[in-house]
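Residue-level listing of the chains:
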Amino acid sequence: MFEKEKIDEIVSSYKDFKIATICSHSALQIFHGAKQEKIKTIGICTEKVRELYESFPHARPDEFIMVEDYSQIPVKELVEKQAILIPHGSLVEYTGKKIDDLAVPIFGNRGSLYYERSRDRMFDWMHKSGLRTPRILKPDDIDGPAIVKFPGAKGGKGYMVVHSPEEYYSKVGTGAKTMVQEFIIGVRAYVHYFHSFIGDAGFKTTYGKVEMLGVDRRMESNADEIARQLSVGAKVPISFTVMGNQSMVLRESLLPQYMDMGRNVCNSSRDLFGGIHGPFCLETIVTEDLDVFAFEISARIVAGTNLLKSPYAIYSHGFNFTTGMRIARELKDAHKKKKLKEIVY
Ligand code: AMP
């Protein structure tokens, strides 16, 4: 892991700062949010998508750094331009383990991305946060519908559902590195939080406050329209490839529980890896008895925030605040208070 002190040195040398990310996932929202807060932006971009990112005048970056592919992050150029890199799902996916050693300030804490990267570590983190999670099953213990997840999930692509050890071995074989989880029956909710050390909204944590900015439900092909397929007689196995997001609100009586869950995740992060700063998301399923199961933590901005509009952001800030704007505002406030070091790594 690149030393925190060296990142502190780099960020301390910045007179001003720019916001940078790779052109994918939630980049339009991040650039748009920065523009609202009058912060200059850099898009790390490939030739293939440049036209798209130039085509939105209110969300295009102020400048581009062109790369061959997204596994290369131009760290030297970014530091010369006084950039702070915003991690999102594609950046984490394309950069992989290399993110640990990037010699450029990253918004938040790269320790949280280390925990996000491994399902075993992530479950440990969820359990230390007191979250209720699906049972993790050894293949021989499968005793009902179970979801099989392969390493490095690309938006749920390739997952399958099995019902018995025999079905598991016939579909997956032996020796594959999978995590098998009990399939939870209920309604999914993906809750967007933001931890701030200077903000006013939300529940107190041991080192700041955690606010709720929104909730979405992912639309997954073909799970979300499977009734249509079954009703025309097509016998297709369920699959979970994310293709978009829909906005949702939670039954209000569930909010205290969700706020507590967000707080617990922040507090346990402090003990595990020094704390989480900025956006994160809990992926959950609510059963008919209103029990909430968490099956994943995304330790950075999630694509569901691209919906932009949420009542919780309005209740927290008085008007609609997107996660992109919230990131820019947090960095701006920290820069003014000379505390950028506390929220980058
Ligand atoms: P993930 O890659 O963990 O975000 O999972 C992709 C999708 O699979 C989720 O968005 C859910 O629709 C579904 N899923 C994941 N875990 C479970 C589970 N334990 N029970 C039911 N559905 C799940």
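Engineer: Explain the sheet that holds strand 3 (residues 63–66) residue by residue, including any values.
Structural biologist: Strand order in this open sheet of 4 strands is 3-2-1-4, and the pairing throughout is parallel. The open sheet is flanked by strand 3 and strand 4 (83–85), the only strands paired with a single partner. In this sheet, adjacent strand axes meet at a mean angle of 30° when their direction is disregarded. Where strand 1 (residues 18–22) lies against strand 2 (residues 41–45), 4 bridges are found, and the strand directions are parallel.

Engineer: Would you mind going over the side chain of Asn109 in detail, with residue names and values included?
Structural biologist: As for its position among the elements, Asn109 is in the loop between helix 5 (89–95) and helix 6 (110–117). A polar atom in the side chain of Asn109 sits 2.7 Å from the backbone nitrogen of Gly111. Discounting residues that sit within four places of it in the chain, Asn109 has contacts with Phe273, Gly274, Gly275, His277 and Tyr345.

Engineer: Describe in detail the packing of aromatic side chains, supporting the description with residues and values.
Structural biologist: A complete count under the given rule lists 11 aromatic pairs for this structure. Summarising the aromatic geometry, the rings of Tyr190 and Phe295 are spaced 6.3 Å apart at their centres and angled 90° between planes, so their arrangement reads as edge-to-face. Note that Tyr190 is positioned in strand 9 (residues 187–196) and Phe295 in strand 14 (residues 292–298), a separation of 105 residues in sequence. In terms of burial, Tyr190 and Phe295 fall into one category: buried. Its guanidinium or amino end placed over the ring of Tyr114, Arg121 lies 3.7 Å from that ring's centre, counting from NZ or CZ. The side chain of Arg132 reaches across the aromatic face of Phe293, ending 5.7 Å from its centre.

Engineer: Give a description of the site of the ligand that names residues and reports values.
Structural biologist: Near the ligand lie 17 residues; those nearest to it are Lys149, Tyr159, Tyr190, Glu220 and Glu296. Taking Ile184, its main chain carries an N or O atom lying 2.9 Å from a nitrogen atom of the ligand. Notes on the ligand: free accessible area 480 Å², of which the protein chains cover 98%. Of all elements in the fold, only strand 6 (146–149), strand 8 (179–182), strand 9, strand 11 (208–222), strand 13 (278–286) and strand 14 reach the threshold of two or more residues within the shell around the ligand.

Engineer: Describe the side chain of Ser196, naming the residues involved and giving the relevant values.
Structural biologist: Here Ser196 shows up in strand 9. Among the polar contacts listed, one links the side chain of Ser196 to the side chain of Arg326, at a separation of 3.5 Å. A polar side-chain atom of Ser196 sits 2.9 Å from a polar atom in the side chain of Glu330. Among all residues touching Ser196, those that are not within four sequence positions of it are Gly208, Lys209, Arg326 and Glu330.

Engineer: Could you give me a rundown of the pattern of salt bridges, with the residues and numbers involved?
Structural biologist: Summed over the entire model, instances satisfying the criterion amount to 24 salt bridges. Between Lys18 and Glu63 there is a salt bridge whose closest N-O contact spans 2.9 Å. A residue pair is termed long-range when its members are at least 10 positions apart, and Lys18 in strand 1 and Glu63 in strand 3 qualify at 45 residues. Across the salt bridge formed by Arg218 and Glu283, the nearest N and O atoms sit 3.1 Å from each other. Remark: Glu283 occurs in strand 13 and Arg218 occurs in strand 11; sequence separation between them is 65 residues. Here the residues in one salt-bridge network are Arg188, Arg218, Glu220, Asp224 and Glu283, joined through shared partners.

Engineer: Lay out the domain arrangement of the protein with the relevant residues and their values.
Structural biologist: Domains assigned within the protein are domain 1 (4–132 + 185–343) and domain 2 (136–148 + 161–182). For domain 1 and domain 2, the distance between their C-alpha centres works out to 30 Å. With 6 residues of domain 1 at the interface, the matching set in domain 2 holds 5 residues. Contact between domain 1 and domain 2 buries roughly 480 Å² in total, counting both sides, with carbon and sulfur atoms accounting for 80%. Three residues, Arg119, Phe123 and Phe240, lead the burial of domain 1 against domain 2; their summed loss comes to 63% of the area buried on that side. The interface formed by domain 1 and domain 2 contains 0 salt bridges. On the surface where domain 1 and domain 2 come into contact, there are 0 residue pairs in polar contact (both at pLDDT 80 or more). The dominant element in the side of domain 1 that touches domain 2, judged by the number of residues it contributes, is helix 7 (residues 119–128), at 3 residues.

Engineer: Give me the lowdown on the sheet that holds strand 5 (residues 136–137), citing residues and values where you can.
Structural biologist: The strand order across the open sheet formed by 4 strands is 5-8-6-7, and the pairing between neighbours is antiparallel. Here the strands that pair on one side only, and so sit at the sheet edges, are strand 5 and strand 7 (160–162). Taken strand by strand, helix 7 contacts strand 5, strand 6 and strand 8, and its axis lies near 35° from that of strand 8. In this fold helix 8 (residues 165–172) packs onto strand 6, strand 7 and strand 8, with an angle of close to 145° to the strand it touches most, strand 7.

Engineer: Tell me about the packing of helix 2 (residues 27–36) against helix 12 (residues 323–336), residues and numbers included.
Structural biologist: For the pair helix 2 and helix 12, interaxial distance at closest approach is 7 Å and the crossing angle is 50°. With respect to each other, helix 2 and helix 12 are oriented oblique. Crossing of helix 2 against helix 12: the hand is right-handed. Taking contact as the criterion, the partners of Gln29, Ile30, Gly33, Ala34 and Gln36 in helix 2 are, on helix 12, Thr323, Gly324, Met325 and Ala328. A class-by-class count of the residues in the contact of helix 2 with helix 12 yields 4 nonpolar, 5 polar and no charged.

Definitions and limits used
- Residues numbered from 1 in each chain as written.
- Predicted model: local features only at pLDDT ≥ 70, side-chain atom pairs only at ≥ 80, totals over all residues.
- Heavy atoms only, no water.
- Pairing = 2+ DSSP bridges.
- Helix = DSSP H or I, 4+ residues; strand = E, 2+ residues; numbered from the N terminus.
- Axes fitted to C-alpha atoms, helices over the stretch in contact; angles between N-to-C directions.
- Polar contact = N/O pair within 3.5 Å; in protein donor to acceptor, adjacent residues only side chain to side chain.
- Contact = heavy atoms within 4.5 Å.
- Phe/Tyr/Trp six-rings, centres within 6.5 Å; stacked < 30°, edge-to-face > 60°.
- Buried < 20%, exposed > 50% of the residue type's maximum accessible area, 1.4 Å probe, protein only.
- Lys NZ or Arg CZ within 6 Å of the ring centre and 35° of its normal.
- Near = heavy atom within 4 Å.
- Areas by Shrake-Rupley, 256 points an atom, 1.4 Å probe, with all protein chains shown as cover.
- Salt bridge = Lys/Arg side-chain N within 4 Å of Asp/Glu carboxyl O.
- Domains from an automatic or database assignment.
- Buried area = accessible area lost by both parts, 1.4 Å probe.
- Parallel < 35°, antiparallel > 145°, perpendicular 65-115°, else oblique.
- Left-handed = near helix turned anticlockwise from the far one by under 90°.
- Nonpolar A, V, L, I, M, F, W, Y, C, P; charged D, E, K, R; others polar.

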